[in-house]
Amino acid sequence: MGPGGIATIIAASSLAIIALAISYGVIRLTRTIDEITTTISMVNSPLKSVSNAGKSLENLIKKFTKGTESFFDENPMAMKAATAVVSAAKGKKKVKKKSKAKE
């Protein structure tokens, strides 16, 4: 075996080692990406349920608002009564503030 044959064996061995190192790196990288994907899925699932709860609450508030609006539109006396109650509540707060200022 001549010097060219030995050089060929060394070059082939070096290329095999480089190929193994690259394949090992790729395998480790895919496992890392899979783990990150799993972690992101675990983090996103509670966020999705919170988002769904927020949407449900928003829908409930819209339905309640529509119901109260239609009630007050159909009953003008109820609207006047509600206005009177709110005015009385605001007046009561002002009285409490004045009495605290006197002390």
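Structure shown above.
Residues numbered from 1 in each chain as written. Predicted model: local features only at pLDDT ≥ 70, side-chain atom pairs only at ≥ 80, totals over all residues. Heavy atoms only, no water.

> Provide a residue-level description of the overall build of the chain, including the pertinent values.
Scanning the chain for helices and strands turns up two helices and zero strands. The buried share among the 103 residues of the chain stands at 1%. Accessible area of the chain: about 9,300 Å², with a carbon and sulfur share of 69%. (Helix = DSSP H or I, 4+ residues; strand = E, 2+ residues; numbered from the N terminus. Buried < 20%, exposed > 50% of the residue type's maximum accessible area, 1.4 Å probe, protein only. Areas by Shrake-Rupley, 256 points an atom, 1.4 Å probe, with all protein chains shown as cover.)

> Could you give me a rundown of a nonpolar patch on the surface, with the residues and numbers involved?
On the surface, Met 1, Ile 6, Ile 9 and Ile 10 cluster together to form a nonpolar patch covering roughly 450 Å² of accessible area. Locating Ile 10 in the fold gives a position in helix H1 (residues 3–74). Taking the relative accessible area as the measure of exposure, Ile 10 reaches 52% and is therefore exposed. (Patch = residues over 30% accessible without salt bridge, like charges linked within 9 Å, V, L, I, M, F, W, Y side chains within 5 Å. Salt bridge = Lys/Arg side-chain N within 4 Å of Asp/Glu carboxyl O.)

> Residue-level account of the pattern of salt bridges, with values.
Enumeration according to the criterion identifies one salt bridge in this entry. Residues Glu 58 and Lys 62 are paired through a salt bridge, measuring 3.6 Å at the closest nitrogen-oxygen approach. On the criterion of helical spacing, the pair formed by Glu 58 and Lys 62 is a turn pair, its members being four residues apart in helix H1. A residue is classified by how much of its surface remains accessible, and Glu 58, at 43% relative accessible area, is partly exposed.

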